[in-house]
Amino acid sequence: MFSLLLAEWMKFKRSKLLVFTVVLFLAIPFLLLLMAGKYFYGDYSAEWHLLNALKNICSYFGVLTPPVCSVFAIFLFTHEYAEKTVKTISSVPIGNARFLITKLLALFIWILLISVFVWLCSILISVCFRPHFHFAKLPQTMSLIFEYLGRFLLSGLLVFLAVSPVICITVLSRNAVIPILFSIIFTIFITFTVYYTVFDLFFPWTCIYYLTDSEEYLRVIRATEGRITQTGINWIASLTILVPAIVSYAVSYLAMNRRDVC
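Conventions we followed
Residues numbered from 1 in each chain as written. Predicted model: local features only at pLDDT ≥ 70, side-chain atom pairs only at ≥ 80, totals over all residues. Heavy atoms only, no water. Phe/Tyr/Trp six-rings, centres within 6.5 Å; stacked < 30°, edge-to-face > 60°. Helix = DSSP H or I, 4+ residues; strand = E, 2+ residues; numbered from the N terminus. Buried < 20%, exposed > 50% of the residue type's maximum accessible area, 1.4 Å probe, protein only. Lys NZ or Arg CZ within 6 Å of the ring centre and 35° of its normal. Salt bridge = Lys/Arg side-chain N within 4 Å of Asp/Glu carboxyl O. Arc of directions from axis to C-beta.

S.K.: Requested: an account of the packing of aromatic side chains, with residues and values cited.
M.R.: Summed over all chains, the structure comprises seven aromatic pairs. Seen from their ring centres, F160 and Y249 are 5.4 Å apart, and the 25° between their planes marks the pair as stacked. Of this pair, F160 sits in helix α7 (residues 138–162) while Y249 sits in helix α12 (residues 230–257), and the two are 89 residues apart along the sequence. Classification of F160 by relative accessible area gives buried; the value is 11%. When its relative accessible area of 15% is taken as the criterion, Y249 is described as buried. Both rings, one in F182 and one in F186, keep their centres 5.7 Å apart while their planes meet at 10°; by these two values the pair is stacked. Of the two residues, F182 and F186 are both situated in helix α9 (residues 177–194); the distance of four residues between them amounts to about one turn of the helix. Of the residues examined, F182 reaches a relative accessible area of 30% and is grouped as partly exposed. By way of ring pairs, the aromatic residues F182, F186, F203 and W205 are connected into one cluster. Note that R151 overlies the ring of Y148, its terminal NZ or CZ placed 4.7 Å from the centroid.

Encoded structure:
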């Protein structure tokens, strides 16, 4: 399994996609930098704290990551077909199911690494704007930092589950056109139809922040006149992500296991 993961890493390195995605994710801390500058140099009198940085960037990460990860996942599962190397890989006795699991594991590790990367960038930007820390508050600061590390890793796990329909379509179609069109249409539909409404609780890409930010549920409570509690929102959001993920990964596993790779 380690050799297969190493092979996937070499593919990332050769295609320069890994560098491109890292640069792309730098846009999220850059938004935070602009927000911090607005606090310090604009007409706002609010004080910038580490909590502001971690909270805002965690929300941005949960919302902006699924479309980017969908493109990365599409490349991951169609690279061999595009490079015409799938027949060579099919001669290696690794099994189709193991081939699929290796790619899913590589995608999961990449998402977690990106989560830690964005978390570190958020802390570095906050330190640049708040260079002086009181040593008396150091335990509380470290506790906050590691608490949000857990939230970022949870966001990464949820993103991995949320992009499962795109992976399933990619495995079934064996090309990048159909899943890319699906991702674009789905993103446009979310942006102009359900985003910031009560219906975003029923879409995997938009309900991630309900499970990572405990204050987001207040908006849904206001929209539904308090008929949904925080516990109910957490259950709905969890099922919205888990059910499509279980079905999509099960279909992908069965489809890959019952047919030839090429």
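S.K.: An account of the pattern of salt bridges is requested, with residue identities and associated values reported.
M.R.: Tallied over the full model, the rule gives one salt bridge. Salt-bridge contacts for E147 lead to R151; the nearest nitrogen and oxygen are separated by 3.2 Å. One end of the pair, E147, and the other, R151, are both in helix α7, four residues apart, so they sit about a helical turn from each other.

S.K.: Explain the environment of L144 residue by residue, including any values.
M.R.: Relative to the assigned elements, L144 resides in helix α7. Taking C-alpha positions, L144 is 8.9 Å from L54, a pair spaced 90 residues apart along the chain.

S.K.: Outline helix α2 (residues 17–25), listing residues and values.
M.R.: Along α2, the residues classified as buried are L17, L18, T21 and F25. Take α2 and look down its axis: the buried residues cluster within an arc of 100°, on one side only. In α2, the exposed positions that point more than 90 degrees away from the buried face belong to V19, F20 and V23.

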